[in-house]
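Given next are the chains, with one letter for each unit.
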Amino acid sequence: MTVAAYLRVSSVGQRHDGQKAEVERWLTNNGFDPAQVRWYADKESGSKLQRPAMDKLQKDIFDGEVRTVIVWKLDRLSRRLKDGVGLLSDWCERGVRVVSVTQQIDLSGAVGRMMAAIMLGLAEIEREYILERQAAGIIVAKKQGVYKGRVPGSTKKKPERALELRDRGLTAAEISTALGVSERTVFRYLGKQAA
């Protein structure tokens, strides 16, 4: 039985160190050797499930290679209730044990799954509050003349990548999914490349 540890921070500038230390402590205290654990770590937002390490973990679970997943907190898996509950339900149906270290939740039973749904709901509410506070701060900054918005010409992803994917035969919808941007943005990127 392979044990996996999943870590996630929201941006490239953040580090997994604190989460990893807590998970390693739990593993050691529960008789697992941290060196024998498969580690998966993302530096991506929790608002979507498509993340490189999460995709790899999902594949390994689907292939039957991982039977236990240890996380620092459940919101590391997802910040959206619907996605998180769907993910956990799928894993539990496959017989995967999920443990949240800091919340002390073991999803091997019905009560654990109910608690997970509550915790994921709270994570989604927290994310909405963050976005509301951010929007309110932007309004104040605009009134004060401090906020200028995104610098003209800057992009979330590299427009050249959209052209590469189009040349490989991908549709705008597929490019949109691959880059994590809207189809409208894909068309804008492709328009810049044509100019």
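As a reminder, the structure under discussion sits directly above these lines.
Residues numbered from 1 in each chain as written. Predicted model: local features only at pLDDT ≥ 70, side-chain atom pairs only at ≥ 80, totals over all residues. Heavy atoms only, no water.

(A) Representation of the pattern of salt bridges within the structure. Within the structure shown, the criterion is met by 13 salt bridges. A salt bridge links Asp 90 to Arg 94; its shortest N-O distance comes to 3.2 Å. Look at Arg 94 and you get partly exposed, because its relative accessible area is 32%. The network of salt bridges with common partners includes Arg 38, Lys 56, Asp 60 and Glu 65. (Salt bridge = Lys/Arg side-chain N within 4 Å of Asp/Glu carboxyl O. Buried < 20%, exposed > 50% of the residue type's maximum accessible area, 1.4 Å probe, protein only.)

(B) View of helix α3 (residues 81-93). Between the first and last C-alpha of α3 there are 18 Å, a value that for 13 residues agrees with the 18 Å anticipated at 1.5 Å per step. Gly 95 lies just past α3 and shows a positive phi near 80°. (Helix = DSSP H or I, 4+ residues; strand = E, 2+ residues; numbered from the N terminus. Expected span 1.5 Å × (residues − 1).)

(C) Broad picture of unusual backbone geometry. For Gln 104, which is not a glycine, the phi torsion comes out positive at approximately 55°. Mapped onto the fold, Gln 104 is located in the loop between β4 (97-100) and β5 (105-106). Overall, the relative accessible area of 72% leaves Gln 104 in the exposed class.

(D) Representation of the side chain of Ser 100. You can see Ser 100 is positioned in strand β4. Its relative accessible area of 1% is what places Ser 100 among the buried residues. With near-sequence residues (within four places) excluded, Ser 100 lies in contact with Val 71, Trp 72, Lys 73, Leu 74 and Ile 105. (Contact = heavy atoms within 4.5 Å.)

(E) Examining the packing of helix α5 (residues 159-167) against helix α6 (residues 172-179) more closely. With their axes 10 Å apart at the nearest point, α5 and α6 run at an angle of 135° to one another. When the axis of α5 is compared with that of α6, the two are oblique. Relative to α6, the crossing made by α5 is right-handed. Packed against α5, whose contacting residues are Arg 161, Ala 162, Leu 165 and Arg 166, the element α6 presents Ile 175, Ala 178 and Leu 179 at the interface. Looking at side-chain class alone, the contact of α5 with α6 contains 5 nonpolar, no polar and 2 charged residues. (Axes fitted to C-alpha atoms, helices over the stretch in contact; angles between N-to-C directions. Parallel < 35°, antiparallel > 145°, perpendicular 65-115°, else oblique. Left-handed = near helix turned anticlockwise from the far one by under 90°. Nonpolar A, V, L, I, M, F, W, Y, C, P; charged D, E, K, R; others polar.)

(F) Expanded view of the packing of aromatic side chains. Under the defined criterion, the tally for this structure stands at 1 aromatic pair. With centroids separated by 5.9 Å and ring planes inclined at 15°, the aromatic side chains of Trp 26 and Phe 32 adopt a geometry described as stacked. Looking at Trp 26, the relative accessible area reads 16%, which means it is buried. Here Lys 20 stacks its cationic end above the ring of Trp 39, 5.0 Å away from the centre of that ring. (Phe/Tyr/Trp six-rings, centres within 6.5 Å; stacked < 30°, edge-to-face > 60°. Lys NZ or Arg CZ within 6 Å of the ring centre and 35° of its normal.)

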